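The residues making up each chain are set out below.
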Amino acid sequence: MQIQSKNPTNRIFAAVRKNWWKILAVVLLVYTITAGLLFPVPRLIIVNETIRALYFHVPMWFGMVALFLASSYHSIKYLRKAESITDTWAVACAHVGMIFGLLGIATGMIWANYTWGSPWHGDPKQNGAAIALLVYMAYFVLRGSIDNEEQKARLSAVYNIFAFAAMIPLIFIIPRLTSSMHPGSGGNPGFNMYDLSGNMRVVFYPAVLGWILLGFWIASLRVRINAINHRLFHD
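Quantities reported herein were computed from a predicted structural model and do not represent experimental measurements.

Participant: Teacher, can you tell me more about the overall build of the protein here?
Facilitator: A count of helical and extended segments in the protein gives 8 helices and 0 strands. Shown N-terminal to C-terminal, the secondary structure of the protein runs as helices and strands in the order α-α-α-α-α-α-α-α. Taken over 235 residues, the protein has a buried fraction of 40%. For the protein, restricting intrachain contacts to residue pairs at least 6 apart in sequence, the fraction spanning at least 24 positions comes to 72%.

Participant: Hey, could you run me through the packing of aromatic side chains in this one?
Facilitator: To describe a pair of aromatic rings, you give the distance between the ring centres and the angle between the ring planes. In the structure shown here, the tally under the stated rule is 7 aromatic pairs. One aromatic cluster is present, formed by F62, F204 and Y205 through successive ring pairs.

Participant: Looking at this structure, I do not really get the side chain of S75. What am I missing?
Facilitator: As for its position among the elements, S75 is in helix α3 (residues 54–80). Of the polar contacts made by the side chain of S75, one reaches the side chain of N160; its length is 2.8 Å. Setting aside its immediate chain neighbours within four residues, S75 contacts A90, A157, N160 and I161.

Participant: How do you make sense of the environment of L170 when you look at a structure like this?
Facilitator: Take L170: it is sitting in helix α6 (residues 149–177). Residue L170 is classed as buried on the basis of its relative accessible area, which comes to 16%. Contacts of L170, omitting those with residues within four sequence positions, involve G128, I131, A132 and P175.

Participant: When you look at helix α4 (residues 84–115) in this model, what are you seeing that I'm missing?
Facilitator: Counting along an α-helix, one turn takes 3.6 residues, and residues three or four places apart therefore face a common direction. Spanning 32 residues, α4 covers 46 Å between terminal C-alpha atoms, matching the ideal 46 Å at 1.5 Å per step. Immediately downstream of α4, the backbone of G117 shows phi near 95°, a positive value.

Participant: Sorry if this is basic, but what is going on with the side chain of T32 here?
Facilitator: Mapped onto the secondary structure, T32 falls in helix α2 (residues 20–38). T32 has contacts with Y55, F56, V203, P206, A207 and W211, leaving out every residue within four places of it along the chain.

Participant: Help me out: how do you make sense of the packing of α3 against α4 in this one?
Facilitator: Packed helix pairs are characterised by how far apart their axes lie and by the angle those axes make with each other. Look at α3 against α4: their axes get within 7 Å of each other, and the N-to-C directions meet at 160°. In terms of orientation, α3 lies roughly antiparallel with respect to α4. Seen from above, α3 lies across α4 with left-handed handedness. Across the contact of α3 with α4, the residue classes break down as 18 nonpolar, 11 polar and 2 charged.

The rules behind each value
- Residues numbered from 1 in each chain as written.
- Predicted model: local features only at pLDDT ≥ 70, side-chain atom pairs only at ≥ 80, totals over all residues.
- Heavy atoms only, no water.
- Helix = DSSP H or I, 4+ residues; strand = E, 2+ residues; numbered from the N terminus.
- Buried < 20%, exposed > 50% of the residue type's maximum accessible area, 1.4 Å probe, protein only.
- Contact = heavy atoms within 4.5 Å.
- Phe/Tyr/Trp six-rings, centres within 6.5 Å; stacked < 30°, edge-to-face > 60°.
- Polar contact = N/O pair within 3.5 Å; in protein donor to acceptor, adjacent residues only side chain to side chain.
- Expected span 1.5 Å × (residues − 1).
- Axes fitted to C-alpha atoms, helices over the stretch in contact; angles between N-to-C directions.
- Parallel < 35°, antiparallel > 145°, perpendicular 65-115°, else oblique.
- Left-handed = near helix turned anticlockwise from the far one by under 90°.
- Nonpolar A, V, L, I, M, F, W, Y, C, P; charged D, E, K, R; others polar.

As structure tokens, then:
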């Protein structure tokens, strides 16, 4: 009979191997917050020190898109093979993606208040982001209006795919075709083309990865909580 090792060092290494991406998320976010507040940034007219919001505002949107993409992926998996776990993952990713989207709008409004003079300027990208989040809010309304679990999962999976398809033009295409004050939209060059210095890149890219990992970490916790609730109240 094989005796299981009780060496605490082996347990630590096993935990690290299993949760390395969570550790990486914490390290990256601690680095992002510290470096984002302390590292030098370009002195640009009007923007000035508020450019540090780039480390939080833009990565929130990257995280939102990644989570909504994962949510629609699990919805497609559910339509191909109806398993409750895929529906649970779709809902969890959509929930966290919505939170990231709201935080993205909030941080953008704070930034816009300093650079554009008002929190909401009616910019096409602001309006498109707001409409996209409203489309996803309807996803949760749809789920709350159906009692049958199987029907709820199937109908919401179809709608979830539609919501992601609608989000892409609202955020990434239409603002580029219209007059917009956002960098990278309406003919305006993006930050990476003219003023994202090397000092900012070493913070911005880790920030994007860190916030995305945090989003999936939170989503995984929601999936685990859902599984615990199911065992407590349905078994």
